[in-house]
Each structure stands twice: as structure tokens, then as C-alpha cells.
Amino acid sequence: MRLDKFICQSTNLTRTLAKREIARSNVKINGEVVRKADHKVTADMDVWFGGKSLSQRPPRYIMMHKPLDVICSTVDEEHQSVISLIEADKRDELHIAGRLDVDTTGLVLITDDGQWSHRVTSPKRECSKLYRVQLAEPIAPTAVADFEAGIHLRSEDKPCLPAKLEILSEKEVLLTIQEGKYHQVKRMFASQGNSVVGLHREQIGSIVLDPALELGEWRFLTDEEAASI
């Protein structure tokens, strides 16, 4: 990790201030002054600043029960961001691992660990996502087999990966997918001549949305939940 990023994550300094302190010879590694912000810090190094040894803040892993009309992004003049609902230091370093549309509710995972979020979102990792879907029209009797075979979306070169569809009632289903294409769930049912009127994500991998969380509430993942990804 770069030295300026290490200091930023280990203190309350911004990246700009961290670079300034490094340039002023106020940072030492293993007893030696280091003045390069891009100096690589490894786990066996002892970094000193402000008269004390610094330790890196551990990565943060969060689940949120996303409400309607809140976006999984940081730039939007009309809607509030899920990140703004989190009360935590340096929340600007957090990002969403697998977004939901503004009109979709349910489980959202948020982290500052880029490799972890890649494992959530990469189709190669086969991290499944479970959705509860409300439909405008009765589900077609052939839908289960169609989804298992792989739905071919308009404008896509390849069909979607096989998906599991469980019919709960004629207009309510559970859908498990392994990808996160743009508006994928809605487009999959549109290909069946149906439309989604309600969409709620209940699970990502083995992480299930905590039923104790009300809309807009969040909590840190347990060590076991985080390690499951």
C-alpha cells in the first residue's frame, strides 16, 4: 500500500494532509525518514507519525437494508445515496459491492476493501444473488426451464448464466442469479413478456439480509459473514 494511503487509513488525515506531513519529513519507517508519498508499505514495516506507531484500520464490511428512492451511487441531485445513511469515519472511502436500482429494496453490501467487492460482483466468482420478485402478470409455465437454460437479453451477445427460478405464486417468484448486468432481473422478465413491479434482494452468497434491520438501517458484518465471500 502507498504510504500516504496507509497514513490516511490509520489517522484522521486526508490524503492531501498525509502527503504534506510526509514531505515535511514527519513520517518514519523502521526509524528512517521517508519523504515519498508513493513509498510502498508492507506488513512487516513499522510506520511512525506524531510520536507513535501506526496500525492500519482493518477493512470494513457492512450490510444495509436499502429503502426505495435511495441510490447506490454518490452522484445524484435528486436522490439520497446509501453511503449518506452510514454514520462512520471516512465514509467517502466506502463503496457499494453490487448495486441496486433506485426502485429496488433489500440487501446491499458496502466496504472499503476493493478485492472483497470484486469477489462479490465478478461472475467468475459465482457469488449468487437471491431476489424476491413481484410480477405484473402471471408467470409463464415455461419460465423455470427458460431461466435454467439461460435468458438471452436484447443487445447482449451471450445469454445470461443459468438462473434458478422458484415460483411462490402466479405473480411472485424467487430468482437466484450469479451476474449483475444492467437492470438484469427486469430485462429477464421483460424477455418473457412480463414486467417487474416489486424487487427485493434477500441474499448475496451466504449472507442473508438481517431481519432485524429496518429500511435504511445497517450493521457491520460478522467475521464469519465477511469471510464467506
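Above: the structure in question.
Throughout what follows, the structure given in this document is the object of discussion.

Definitions and limits used
- Residues numbered from 1 in each chain as written.
- Predicted model: local features only at pLDDT ≥ 70, side-chain atom pairs only at ≥ 80, totals over all residues.
- Heavy atoms only, no water.
- Buried < 20%, exposed > 50% of the residue type's maximum accessible area, 1.4 Å probe, protein only.
- Helix = DSSP H or I, 4+ residues; strand = E, 2+ residues; numbered from the N terminus.
- Arc of directions from axis to C-beta.
- Salt bridge = Lys/Arg side-chain N within 4 Å of Asp/Glu carboxyl O.
- Contact = heavy atoms within 4.5 Å.
- Lys, Arg positive; Asp, Glu negative; His and termini not counted.
- Polar contact = N/O pair within 3.5 Å; in protein donor to acceptor, adjacent residues only side chain to side chain.

1. Brief notes about helix α3 (residues 114-121)
Next, step 1: Every buried residue of α3 is accounted for by Trp116, Ser117 and Val120. Angularly, the buried residues of α3 cover 95° about the axis, an arc narrow enough to put them on a single face.

2. A look at the pattern of salt bridges
Next, step 1: In total, this model carries 12 salt bridges according to the counting rule given.
Next, step 2: The salt bridge partner of aspartate 101 is lysine 186, with a shortest N-O separation of 3.3 Å. Of the two residues, aspartate 101 is situated in the loop between β8 (95-96) and β9 (105-111) and lysine 186 in helix α5 (residues 184-190); the sequence distance between them amounts to 85 residues.
Next, step 3: For the salt bridge of lysine 181 with glutamate 179, the shortest nitrogen-to-oxygen distance reads 3.8 Å.
Next, step 4: By relative accessible area, which is 26% here, lysine 181 ends up partly exposed.

3. Side note on helix α2 (residues 15-23)
Next, step 1: Within the span of α2, buried status applies to Ala18, Glu21 and Ile22. For α2, the angular spread of the buried residues around the axis is 100°, confining them to a single face.
Next, step 2: Next to the buried residues of α2 lie α1 (3-10), β1 (27-29) and β3 (47-49).
Next, step 3: After α2 finishes, the residue serine 25 shows a positive phi value of roughly 65°.

4. So, the side chain of glutamate 21
Next, step 1: With respect to the element layout, glutamate 21 can be found in helix α2.
Next, step 2: The buried charged residue glutamate 21 lacks any salt bridge partner; its closest oppositely charged side chain belongs to arginine 24, at an N-O distance of 4.1 Å.
Next, step 3: A distance of 2.7 Å separates the side chain of glutamate 21 from the side chain of asparagine 26, its partner in a polar contact.
Next, step 4: Setting aside anything within four residues of it in sequence, one finds glutamate 21 in contact with Leu13, Asn26, Val27 and Phe49.

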